[in-house]
Structure formats: C-alpha cells, structure tokens
Amino acid sequence: MARSSTPAGVIPPDSVLHFDVLLMDIWNSEDQVEIHTYFKPPSCPRTTQVSDFVRYHYNGTFLDGTLFDSSHNRMKTYDTYVGIGWLIPGMDKGLLGMCVGEKRIITIPPFLAYGEHGDGKDIPGQASLVFDVALLDLHNPKDGISIENKIVPENCERRSQSGDFLRYHYNGTLLDGTFFDSSYARNRTFDTYIGQGYVIPGMDEGLLGVCIGEKRRIVVPPHLGYGEEGRGNIPGSAVLVFDIHVIDFHNPSDSISITSHYKPSDCSVLSKKGDYLKYHYNASLLDGTLLDSTWNLGKTYNIVLGSGQVVLGMDMALREMCVGEKRTVVIPPHLGYGEAGVDGEVPGSAVLVFDIELLELVAGLPEGYMFIWNDEVSPNLFEEIDKDGNGEVFLEEFSEYIHAQVASGKGKLAPGFDADMIVKNMFTNQDRNGDGKVTAEEFKLKDQETKHDEL
Ligand SMILES: [Ca+2]
Ligand SMILES: [Ca+2]
C-alpha cells in the first residue's frame, strides 16, 4: 500500500487518497474446498477413500502463487492417512476420490487450513492455500494382495502349492509405473520355494495357485511387502506391482512323470537294467525352449541302462520301454541337473521335458556279469585258451580266445561297453599275482572259487 508523500504522516483534510491494492487473498466463510483435476490417468481401478494411506507429491502456494512448501524440493513423497484427521481438514477432503496418477489443484480456505493464526512459521493467519497434488500411491492397511490380468494357459494340470519350488520372471514397478526391479534385466529367473516365508508375504501368497506358463499381476500393499521402511529403491509404504510369468515349478517330493504316446503292437520285450539302448530325444524346458535334440544331430544317444550314464530321471524314464515306443517324460531338477544345471545349457533348478523314442535294445547280461557263456563251458578251458600249450596264458591269447567265443556265438559280452576293456579286466582278474600271465594254477583257483565269475 502506498500513500501520498506528506511529511510526518499527517494527511491534510482535503487530500485525495490513492490506494494501490494488491489482492493477496480472498475467501468467504461459505467457501468449500475447491478441486480442479487437470490430469486423470486412463486406468483408474480405485480412488482414495477415508482411512486409505496415500503417498503424494505437492507444491503448496498462496493464492498469489508464492510457494511456501514443496515435497518435490525435499525429493520425498508426503505419506499419510486420508480423511481421519492426520491432515488439515481441507486436504483430508481434497484428497478423496483421487486416482493413482491423478493430478489436481486443491484450493483450501483458511478455516479449513491453518485458520486465523497460520502455522506459526511459513503460513500467515487467514491464508488460503493452493496445493498442486500428484497422487503416487494408494492402499488401505486392511488390503490384502490383489491379483489381476491373469493369463492362464489352456493346459493346466496342476497349480502351485505351498512347498513347491517355483521359477518365474517378473517386472516390479510401483503403482505410478516407476520401475524398481526386473528378473528379465538379469536374464535369469527368480527361483524360490513358495508359501514358506522365503519371499515377502504378498508374493508368497500371490504365487500360490499358479499354472506353469501363467502370467499374472500381483499387487502387494506395503504391509505385505517392504513395509514403512522400504528397501533399496523401493520407498517406504509403497504398493508393489509385480507382473510375473511362471516358467516352471515342481515339488521336491515329485518323481518323474511318464506319458506313453505310442506303443508298437508287439511291446513284449521291455528295457531293463544292463540293456544297451539306442534312443532319440528332444530335451526342452517347460516353457517350450528347446535345449537339445538328437534328431537334429541325426544320431541316436546310446547308453547302458542303469550304469549311471544319464541323470537318474532319464534312467527311470527309459525303463520298461519297448523298441518303437514313444514317451514324453517330465523330470524334476532333483532327478535331473539339480540346482546347478549345466552351464550355458540347462538353467539351475529347471524342470525338463524329454520326448524320447527307443530305437534299439540289446539285452544286457544278468546283473554283475560282463561275459557269459551261451553254451556249456568246455572242461578243458585252460588248455583251449593256452593255444601254444606253454602252460601260460598271455593277454593276447586270452583276448583272441574270448573274441572267438563271442564271434561264434558261444559267449556273450555285456553290450554297450568297450569289448577290449572288458576282456582286459577279465584277464587281470585271472592274473592273481599280477605278473602279466595266467597259469593253470591261477586259473584253477579262480575257477573253483566262484560260480558267478565270468569264466
Ligand atoms: Ca601260452
Ligand atoms: Ca599270473
């Protein structure tokens, strides 16, 4: 306010007074909180209600635009309950019915703000306040988790239960879309037991009842997430939004599961321990990712069943199978490649799917035998083996004799192993004193000793 320049502050009686008035504030006792929404997000599943907890940013100004407070300057949201007297009455009212992401200007008359005395520091008495508010987060302490956007695969034979071990990908954001974490960024699934307290309570619950291949959004209120403290780049009291994709799960008590797709009409000869098998397989993950295929390589995989040449689950998968049969076998990691997986090939803790076809089966020998006679054993065995009749059998003589027996069908070696290696082991067993030759004495000793020996 200015006035004419008269000394000593005396205004002559005939003066004309000029007032330059700057209107600082104007309100009426009838005024209410005035709300002007200038941005509303396209999706608004829920709005603030009394007793909700909100996190918001604001700029507080007077009617003339002077800034008196800003959460932006503090770089920290204002976090509070709404509608229950934690705020000035005008804000308690002005924040109701608001969407996450919404921006509004809330104009509050002084009697719904700090009244005739102000707040004693930044806000003078009788000041109307203008808050430019952006709501970032909203939940109610009574909230549980919510599950949205479910995409469930058509084939869902089983749903996850407490105690299952689950591998999944996720994107984690806050309610306003702020990204905080992603397993995709690490290019590695998050793997955990569920329902056992290994993850935040909201996820422990949200991961129950999922199908393999399912996608869902799990919205976790802070009391089931990281609480008032937050963690890392997750602010305190934040609602968390996880968009997850379940890759696979299994239970540590799972065995393998076998589905036979095709059996030839004659399926009487079934594979057993010791048999030599030639088979084709496709190995894939439950999400369909192909890991390996012998069909693609154009070469069968050949093993002796029960000899530890394949993982336990595969050994089980190939039992009691006939030539021509086709199976799909699901193998949990504890019967497959375990928690470690195979570097660069099989992810750790992965459930594997094998499509297998048995192409050839060579019956193995009875358990414990590497060589058996098909016919009666010659009574003059040593003399027959000792071809030059010098009373000593060297490896060359021994090997030649055994191979001749196999060739003529009188004897049989265990299939699937290196024949020379078997013969050499047999010879070493006979050569009791280890001098590189077998004498009649040694041979007899061995012969009398046991019925179950190879010779
Ligand atoms: Ca000899
Ligand atoms: Ca010897």
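Now for a quick tour of the structure. Everything numeric in this text was worked out from a predicted model, so none of it was measured.

Section: the coordination of the calcium ion (ligand 2)
- Coordination sphere of the calcium ion (ligand 2), protein contribution only: Asp 431 (OD), Asn 433 (OD1), Asp 435 (OD), Lys 437 (O), Glu 442 (OE) and Glu 442 (OE), at 2.1 to 2.5 Å.
- Around the calcium ion (ligand 2) sit six donor atoms; with metal-centred angles ranging over 53 to 156°, the donor geometry is irregular.
- Counting residues between consecutive donors of the calcium ion (ligand 2) along the chain gives the motif D-x1-N-x1-D-x1-K-x4-E.
- Exposure remark for Asp 435: the relative accessible area of 37% places this residue in the partly exposed category.

Focus: the packing of helix H8 (residues 395-408) against helix H9 (residues 419-430)
- Where H8 contacts H9, the two axes come as close as 10 Å, and the packing angle between them is 125°. Viewed along their axes, H8 and H9 adopt a mutual orientation that is oblique. In this structure, the crossing between H8 and H9 has a hand that is right-handed. Between H8, through Leu 395, Phe 398, Ser 399, Ile 402 and His 403, and H9, the contact on the second element is made entirely by Ala 419, Asp 420, Val 423, Lys 424, Met 426, Phe 427 and Gln 430.

Section: a nonpolar patch on the surface
- A contiguous nonpolar surface patch, about 320 Å² in accessible area, is contributed by Val 50, Ile 84 and Trp 86.
- For Ile 84, the position within the fold is in the loop between strand E4 (78-81) and helix H2 (89-94).

Re the side chain of Thr 192
- When you line up the elements, Thr 192 lands in strand E10 (residues 190-193).
- Setting aside residues no more than four positions away along its own chain, Thr 192 makes contact with Asp 164, Phe 165, Leu 166, Tyr 168, Tyr 198 and Val 199.

Observations regarding unusual backbone geometry
- Despite not being glycine, Asn 149 has its phi angle at roughly 50°, a positive value.
- On the secondary structure map, Asn 149 appears in strand E7 (residues 146-151).
- The phi dihedral of Glu 320 is positive, around 50°, even though this residue is not glycine.
- Among the structural elements, Glu 320 can be located in the loop between helix H6 (312-317) and strand E17 (326-331).

Digging into the pairing of E17
- Two strands pair when backbone bridges link them, and strand E13 (residues 257-262) and E17 are joined in this way by five bridges, in the antiparallel orientation. Residue Ser 260 lies in a different strand from E17, and its bridge partner there is Arg 327.
- In the sheet, E17 pairs with strand E18 (residues 352-362) via six bridges, with the strands oriented antiparallel. Note that in E18 the partner of Thr 328 across the bridge is Asp 355.

Some thoughts on the pattern of salt bridges
- Under the counting rule described, the total for this entry stands at 17 salt bridges.
- Here Arg 158 ties to Asp 254 by a salt bridge, and the two come within 3.1 Å at their closest N and O atoms. Residue Arg 158 is located in the loop between E7 and strand E8 (165-174), and its partner Asp 254 is located in the loop between strand E12 (240-250) and E13; the two are separated by 96 residues in the primary sequence.
- Look at Arg 158 and you get partly exposed, because its relative accessible area is 37%.
- Where Glu 214 meets Arg 216, a salt bridge forms, and the shortest distance between an N and an O atom there is 2.9 Å. Each of the two residues, Glu 214 as well as Arg 216, counts as buried.

Here we look at the state of the cysteines
- Going through the model one piece at a time under the given rule, you end up with three disulfides.
- Cys 44 shares a disulfide with Cys 99; S-S distance 2.1 Å. Judged by the sign of its S-S torsion, about -100°, the cystine formed by Cys 44 and Cys 99 is left-handed. Here Cys 44 is found in the loop between strand E1 (34-39) and strand E2 (53-62), whereas its partner Cys 99 is found in the loop between H2 and strand E5 (103-108), with 55 residues between them in sequence.
- Take Cys 44: its relative accessible area is 31%, and that puts it in the partly exposed class.
- Linked covalently through their sulfurs, Cys 156 and Cys 211 form a disulfide whose S-S length is 2.0 Å. Taking the sign of the S-S torsion, about -95° here, the bridge from Cys 156 to Cys 211 comes out left-handed. Of this pair, Cys 156 sits in the loop between E7 and E8 while Cys 211 is found in the loop between helix H4 (201-206) and strand E11 (215-220), placing the two residues 55 residues apart along the sequence.
- Residue classification places Cys 211 among the buried residues on the basis of a relative accessible area of 0%.
- Should the bonded cysteines of the protein chain be numbered as they appear in the sequence, the pairing reads 1-2, 3-4, 5-6.

Rules used throughout
Residues numbered from 1 in each chain as written. Chains lettered and ligands numbered in written order. Predicted model: local features only at pLDDT ≥ 70, side-chain atom pairs only at ≥ 80, totals over all residues. Heavy atoms only, no water. Donors = N, O, S within 2.8 Å, 3.2 Å for Na, K, Ca; no water. Tetrahedral: all angles 85-135°; square planar, octahedral: opposite > 155°, others 65-115°. Buried < 20%, exposed > 50% of the residue type's maximum accessible area, 1.4 Å probe, protein only. Axes fitted to C-alpha atoms, helices over the stretch in contact; angles between N-to-C directions. Helix = DSSP H or I, 4+ residues; strand = E, 2+ residues; numbered from the N terminus. Parallel < 35°, antiparallel > 145°, perpendicular 65-115°, else oblique. Left-handed = near helix turned anticlockwise from the far one by under 90°. Contact = heavy atoms within 4.5 Å. Patch = residues over 30% accessible without salt bridge, like charges linked within 9 Å, V, L, I, M, F, W, Y side chains within 5 Å. Areas by Shrake-Rupley, 256 points an atom, 1.4 Å probe, with all protein chains shown as cover. Salt bridge = Lys/Arg side-chain N within 4 Å of Asp/Glu carboxyl O. Pairing = 2+ DSSP bridges. Disulfide = S-S within 2.5 Å.

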